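Listed below are the residues making up each chain.
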2 protein chains.
Amino acid sequence: MRRDIFQAIADPTRRAIIALVALHAMTPNAIAENFDITRQSVSKHLRILTECELLKQTPNGREIYYSLEVSKMKEVDLWLEQFRKLWEGQFAQLDQLLEQMKKQ
Amino acid sequence: MRRDIFQAIADPTRRAIIALVALHAMTPNAIAENFDITRQSVSKHLRILTECELLKQTPNGREIYYSLEVSKMKEVDLWLEQFRKLWEGQFAQLDQLLEQMKKQ
DNA sequence: TACTTGCGAAGCTGATCAGTTGCATATATA
DNA sequence: TATATATGCAACTGATCAGCTTCGCAAGTA
């Protein structure tokens with residue numbers, strides 16, 4: 001099974017889970033309450049997110065708290081980095097163009 | 001068919017195509033030369049990327065040049081934005097902690 | 001000890017996907 | 001006009017996926 005971050009965040013439910021857990025650690029049941037799918041299905045998503053280290057588990061008795069591994073999110077940011085230069089470059093060029101237009 | 005940016009960038013081949021086309025516009029054949037899959041398969045990826053507006057087409061005779069729609073990439077960046085605050089917050093807290101340790 | 005609760009894992013199903021082959025179309029060239 | 005080239009599209013296939021149901025297990029609680 002392919003298990004990279006990009007495939008993990010491709011699913012809208014998983015992105016919603018990430019957004020939920022980003023605020024504070026939550027148990028699978030608490031997370032599942034926010035969706036119209038079964039707890040088991042949410043559990044599967046949690047497993048995928050945990051396997052690619054986007055989420056980390058903190059057991060507490062029979063409960064398991066899931067929280068976001070923020071550092072892992074930076075890997076997506078790192079990939080975006082190369083393109084960020086491009087769109088910043090576009091703005092820089094636009095600025096340059098506007099400067100030239102002002103002069104004329 | 002689901003066609004959002006996140007699903008588009010989930011595929012490693014498509015990410016490679018994006019990286020290629022980011023530098024300069026390329027034709028499907030030229031792009032396909034960089035992969036071990038058939039031209040038709042690459043063409044399929046190009047269609048998906050174009051449909052979700054990550055790539056734009058520029059016809060030139062019988063050739064079609066594909067180039068990156070940089071502005072669309074920012075949508076991923078926008079989604080990351082909410083979490084960026086988190087990891088920047090972590091560093092801010094770490095800085096604070098280091099400051100306190102220095103004082104003691 | 002018996003019962004409830006919180007959770008994960010296995011197995012099934014219909015949908016989707018990445019890749020293939022084969023074909024159609026449009027443009028350039030002889 | 002005939003041929004080669006550049007490309008897209010349709011149909012097929014094996015793999016993967018998201019969801020479901022069923023089950024098992026461990027930790028609390030009566």
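Structure: above.
In this text, all values refer to a predicted model and were calculated from it rather than measured experimentally.

Enquirer: Outline the relation of the copies chain B and chain A, supporting the account with residue identities and numerical values.
Expert: Note on the copies: chain B fits chain A at an RMSD of 0.1 Å, the axial shift is 0.0 Å, and the rotation between them is 180 degrees. What the rotation and shift describe, once combined, is the action of a two-fold rotation axis. Residue Ala 10 of chain B of chain B places its C-alpha closer to the rotation axis than any other residue of that unit, at 3.0 Å. A shared interface surface links the copies, since 100% of the contact residues of chain B are contact residues in chain A too.

Enquirer: Account for the pattern of salt bridges, naming residues and giving values.
Expert: For the structure shown, the criterion picks out 14 salt bridges over all chains. A salt bridge links Glu 75 of chain B to Lys 72 of chain B, with the shortest nitrogen-to-oxygen separation between them at 2.9 Å. Separated by 3 residues within a single helix, Glu 75 of chain B and Lys 72 of chain B lie in helix H5 (residues 70-103), roughly one turn from each other. Bridged by salt links that share partners, the residues Asp 77, Glu 81 and Arg 84 of chain A together with Asp 77, Glu 81 and Arg 84 of chain B form one connected network.

Enquirer: So, the protein's contact with DNA strand C: which residues are in play, and what are the values?
Expert: For DNA strand C, the set of nearby residues contains 28 residues, the closest of which are Tyr 66 of chain A together with Arg 14, Thr 38, Lys 44 and His 45 of chain B. For DNA strand C, the fraction of atoms within 4 Å of the protein that belong to sugar or phosphate moieties is 66%. Within the contact set of DNA strand C, a phosphate oxygen lies 2.2 Å away from a side-chain nitrogen or oxygen of Tyr 66 of chain A. The side chain of Arg 62 of chain B places a nitrogen or oxygen atom 3.0 Å from a base oxygen of DNA strand C. Within the residue set of the surface near DNA strand C, elements represented by two or more residues are helix H3 (28-32), helix H4 (39-51) and strand E2 (63-68) of chain A together with helix H2 (12-23) and helix H4 (39-51) of chain B. Looking at the surface near DNA strand C residue by residue, the classes come out as 6 nonpolar, 12 polar and 10 charged.

Enquirer: Tell me about H2 of chain B, and name the residues and values.
Expert: All names here are of chain B. Its 12 residues place the ends of H2 18 Å apart at the C-alpha level, agreeing with the 16 Å of an ideal helix rising 1.5 Å per residue. All of the buried residues along H2 are Arg 14, Arg 15, Ile 17, Ile 18, Val 21 and Ala 22. When H2 is viewed along its axis, its buried side chains cluster within an angular range of 155 degrees and face the same direction. Looking at where H2 begins, the residue whose side-chain oxygen comes 2.9 Å from the main-chain nitrogen of Thr 13 is Asp 11.

Enquirer: For the packing of H2 of chain B against H4 of chain B, give the residues involved together with the corresponding values.
Expert: All names here are of chain B. For the pair H2 and H4, the least separation of the axes is 10 Å and the interaxial angle reads 75 degrees. One finds that H2 runs roughly perpendicular with respect to H4. Across the interface between the two elements, Thr 13, Arg 14, Ile 17 and Ile 18 of H2 pack against Val 42, His 45, Leu 46, Ile 48 and Leu 49 of H4. Classifying every residue of the contact of H2 with H4 gives 6 nonpolar, 2 polar and 1 charged.

Enquirer: Tell me what's going on with the pairing of E2 of chain A, and back it up with residues and numbers.
Expert: Residue and element names in this part refer to chain A. Looking at chain direction, strand E1 (residues 55-60) and E2 are connected through 6 bridges and run antiparallel. Considered in E2, the bridge of Lys 56 is made with Ser 67. The turn linking E1 back onto E2 is made up of 2 residues, and Gly 61 within it adopts a positive phi angle of 65 degrees.

Enquirer: So what about the environment of Gln 57 of chain B? Which residues, and what values?
Expert: Residue and element names in this part refer to chain B. By the secondary structure assignment, Gln 57 is in strand E1 (residues 55-60). Taking the C-alpha atoms as reference, Gln 57 lies 9.1 Å from Leu 68; in sequence the two are 11 residues apart. Contact partners of Gln 57, with chain neighbours within four places excluded, come to Thr 50, Ile 64, Tyr 65 and Tyr 66. Within the structure, Gln 57 has its side chain in polar contact with the side chain of Tyr 66 (distance 2.7 Å).

Enquirer: An account of H4 of chain A is requested, with residue identities and associated values reported.
Expert: Since the α-helix turns once every 3.6 residues, residues separated by three or four places project in the same direction. Residue and element names in this part refer to chain A. The end-to-end C-alpha distance of H4, which contains 13 residues, comes to 18 Å, matching closely the 18 Å that a straight helix rising 1.5 Å per residue would cover. Of all the positions in H4, only Val 42, His 45, Leu 46, Ile 48 and Leu 49 are classed as buried. The buried residues of H4 occupy one face: seen down the axis, they fall within an arc of 160 degrees. Facing away from the buried side of H4 by more than 90 degrees, the exposed set consists of Lys 44 and Arg 47. Summarising the contacts, the buried residues of H4 are in contact with helix H1 (5-8), helix H2 (12-23), H3, E1 and E2. Looking one or two places after H4, you find Glu 53, whose phi comes out positive at around 65 degrees.

Rules used in this analysis
Residues numbered from 1 in each chain as written. Chains lettered and ligands numbered in written order. Predicted model: local features only at pLDDT ≥ 70, side-chain atom pairs only at ≥ 80, totals over all residues. Heavy atoms only, no water. Least-squares fit on C-alpha atoms with pLDDT ≥ 70 in both. Contact = heavy atoms within 4.5 Å. Salt bridge = Lys/Arg side-chain N within 4 Å of Asp/Glu carboxyl O. Helix = DSSP H or I, 4+ residues; strand = E, 2+ residues; numbered from the N terminus. Near = heavy atom within 4 Å. Polar contact = N/O pair within 3.5 Å; in protein donor to acceptor, adjacent residues only side chain to side chain. Nonpolar A, V, L, I, M, F, W, Y, C, P; charged D, E, K, R; others polar. Expected span 1.5 Å × (residues − 1). Buried < 20%, exposed > 50% of the residue type's maximum accessible area, 1.4 Å probe, protein only. Arc of directions from axis to C-beta. Axes fitted to C-alpha atoms, helices over the stretch in contact; angles between N-to-C directions. Parallel < 35°, antiparallel > 145°, perpendicular 65-115°, else oblique. Pairing = 2+ DSSP bridges.

Nothing here speaks to function; it is all geometry.
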